[in-house]
Amino acid sequence: MDFQRLEQTLKKINSYSDAGEGINRLAYTAIEQQAVKDIASLCENEGLAARFDSAGNLIVRKEGVNASLPAVAFGSHIDSVYEAGGYDGTVGVAAGLELIRSLHEENIQTEHPLELIVFACEESARFGFSTLGSKAIAGLVKKEAIAELQDKDGILLQDAFKKCGLDLDKLGEAKQREGAYKAFFELHVEQGPILEKENKQIGIATGIAGATRFQLNITGVASHSGTTPMDYRKDAFLGAAEIALAIEKAAQSENSIGTVATVGVCNVKPGAMNVIPGAVEMSVDIRGISEKSKQIVIQELFRSIKAIEEKRMLMVQHTKIGDQAPVLLNQDVIRELSNTCEESQYSYHMMSSGAGHDAMNMAKLCPVGLLFIPSKNGLSHNPEEYSSMEQIALGATVLKKEVLKWAKVTSSTTGQI
Ligand SMILES: [Zn+2]
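Quick caveat: nothing in here was measured; it's all calculated off a predicted structure.

Rules and cut-offs
- Note on numbering: residues in each chain are counted from 1, in written sequence order.
- For a predicted model such as this one, the threshold for reporting local features is a pLDDT of at least 70, and the threshold for listing and counting side-chain atom pairs is 80 or more; totals across whole chains, interfaces and linings nevertheless cover every residue.
- In computing side-chain values, all of the structure's heavy atoms are included and hydrogens and water are not.
- Note on conventions: DSSP H or I runs of at least 4 residues are helices, E runs of at least 2 residues are strands, and numbering of each starts at the N terminus.
- Here the globule rule is a power law, 2.2 Å times the number of residues to the power 0.38, and the radius of gyration is based on C-alpha atoms.
- Think of it in three bands: residues with accessible area under 20% of the maximum for their type are buried, residues over 50% are exposed, and the middle band is partly exposed, with areas taken using a 1.4 Å probe on protein chains only.
- Residue contacts are defined here by distance: any two heavy atoms, one from each residue, within 4.5 Å place the two residues in contact.
- Definitions used throughout: a 1 Å grid over protein atoms alone; a cavity as a set of points that fits a 1.4 Å probe which cannot get out; a pocket as an open set with protein on both sides within 12 Å along at least five of seven lines; a lining residue as one with an atom within 4 Å of a point.
- Grid points are joined across faces, edges and corners, and a volume is the space filled by probe spheres set on the points.
- Working convention: axes come from line fits to C-alpha atoms, limited for helices to the stretch in contact. Angles between N-to-C directions cover 0 to 180 degrees.
- Here is the rule for angles: anything less than 35 degrees is roughly parallel, anything more than 145 is roughly antiparallel, 65 through 115 is roughly perpendicular, and the remaining ranges are oblique.
- Handedness of a helix crossing follows the sense of rotation of the near helix relative to the far helix, less than a right angle counterclockwise being left-handed and clockwise being right-handed.
- Strand pairing is assigned whenever DSSP identifies at least 2 bridges connecting the two strands.

Student: Would you mind showing me how to read the overall build of the protein chain here?
Tutor: Looking only at helices and strands, the protein chain has twelve helices and 15 strands in total. In summary, the protein chain has a C-alpha radius of gyration of 24 Å against a globular reference of 22 Å for 417 residues, a match within 12%. Each principal axis of the C-alpha atoms in the protein chain carries an extent, and together these give about 85 × 45 × 35 Å. Among the 417 residues that make up the protein chain, the fraction classed as buried is 51%. Look at the contacts in the protein chain between residues 6 or more apart in sequence, and 79% of them connect residues 24 or more apart.

As structure tokens, this is what we get:
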């Protein structure tokens, strides 16, 4: 592989960005479409077959010796959040592109076909719906569920599709049958601090956390902050604070399994300096790769709600607003990936992925491997996001070795792999 060319590809993709701080390349916008079309025409010019499916995923294919065999696929996404960095998703696409181009140039033949997939709309930033492209490939999304979603300017998802030359009525055509892929691999930046802290070159995901989310509405009594003695109060915010601390404690006791819990929204009402909070709306996000461990934290959430209702004379209503099951990744793939790292003497760390990725949907169709490279200071979804070219090149090398293992090399003109 030509790592200088990989770096140029990364820069080229990141030259497509709307104005603003960092990278702004939101799903199904004109700028994102230009970027992905640029990748498609680059591949076509070099003689690789490139097509867009009905969800807007770009699929680049290098035929195998036996075209009827399932493809070995790899890829990631190039859409971004607002004010993003230039590495989340883009690294996996640039590495995958370099991989397929270099094999094509070197005329390396594989038994199985190879496919690079550039997934559409991985980020939920624009429409509040994540990994749309891979969900469509895995048959996990229906048109009705997303047609009416709007972005912050009031543009409907179905109209954004039209602008990209896509027809939401045909979304179902993107679905691939089970057995269409032999395996799928995604190379991604870690988006967290573990690899850097552990001083490891590669992260191998053992599972992808599923999020269970609740909205809590805590009701107390709003009254004068000066005239209501402390023992006559029904302060909704103090109840919320106790619940938040109880969940923190519960998640900390599950820390070794990697379960995490976050209160990310807490709206205090009426929100005045001189009024005791009468109501609080609060969100709870619990994630982990062990369903059992998640349930322990959820049970503790309910226990604390009950205790605080009684102790503080508050009323707490809870609504489950999301419940994703964790995805455990294929053991054979995990073992193979660790073998590949050991053969190359790269240091690696087994870890769970706290963030969702397209790989979790692809796991419905075939064995999946998810590889991480370190993120500087653990930062992601931030213009400061950074991984060095050495780190990216090493990740791309592991990706290539692994893909070729699964696709089975039959011949090459140069004899070089
Ligand atoms: Zn990503």
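Student: Would you mind going over empty space enclosed by the protein with me for this structure?
Tutor: In this approach a probe as big as a water molecule rolls over the atoms, and the regions it shows empty are the leftover space. With the rule as written, the count across this model stands at two cavities of 30 Å³ or more. Taken as a whole, the largest cavity holds about 40 Å³ of empty space. Looking at the largest cavity, the residues that line it are Y28, E32, Q33, V36, G56, L58, I78, V118, F119 and A120. Going through the elements one at a time, α2 (30-45) and β5 (114-119) are the ones with two or more residues in the lining of the largest cavity. With three residues, α2 is the single largest residue contributor to the lining of the largest cavity.

Student: What is the right way to look at the packing of helix α8 (residues 236-253) against helix α9 (residues 291-312) in this model?
Tutor: Axis angle and axis distance: for two packed helices, these are the angle between their axes and the distance between the axes, and together they describe the pair. It is the contact of α8 with α9, at a shortest axis distance of 9 Å, that shows an interaxial angle of 150 degrees. If you check the angle between α8 and α9, you find them roughly antiparallel. Handedness of the crossing formed by α8 with α9: right-handed. Counted together, L238, G239, E242, I243, A246, I247, A250 and A251 of α8 and V297, E300, L301, S304, I305, I308, K311 and R312 of α9 form the full contact between these two elements.

Student: So what exactly am I meant to see when it comes to the pairing of strand β7 (residues 202-208) here?
Tutor: Two faces make up the sheet, and in a regular strand the side chains alternate between them. Taken across its seven residues, β7 has six buried, putting it largely inside the fold. Bridge analysis of β7 against strand β13 (residues 348-353) gives six bridges, and the strand direction is parallel. Bridge assignment links G203 to a residue of β13, and that residue is H349. Of the pairings in the sheet, the one linking β7 to strand β12 (residues 327-328) comprises two bridges and is antiparallel in character. Following the sheet pairing, G207 is matched in β12 by L328.

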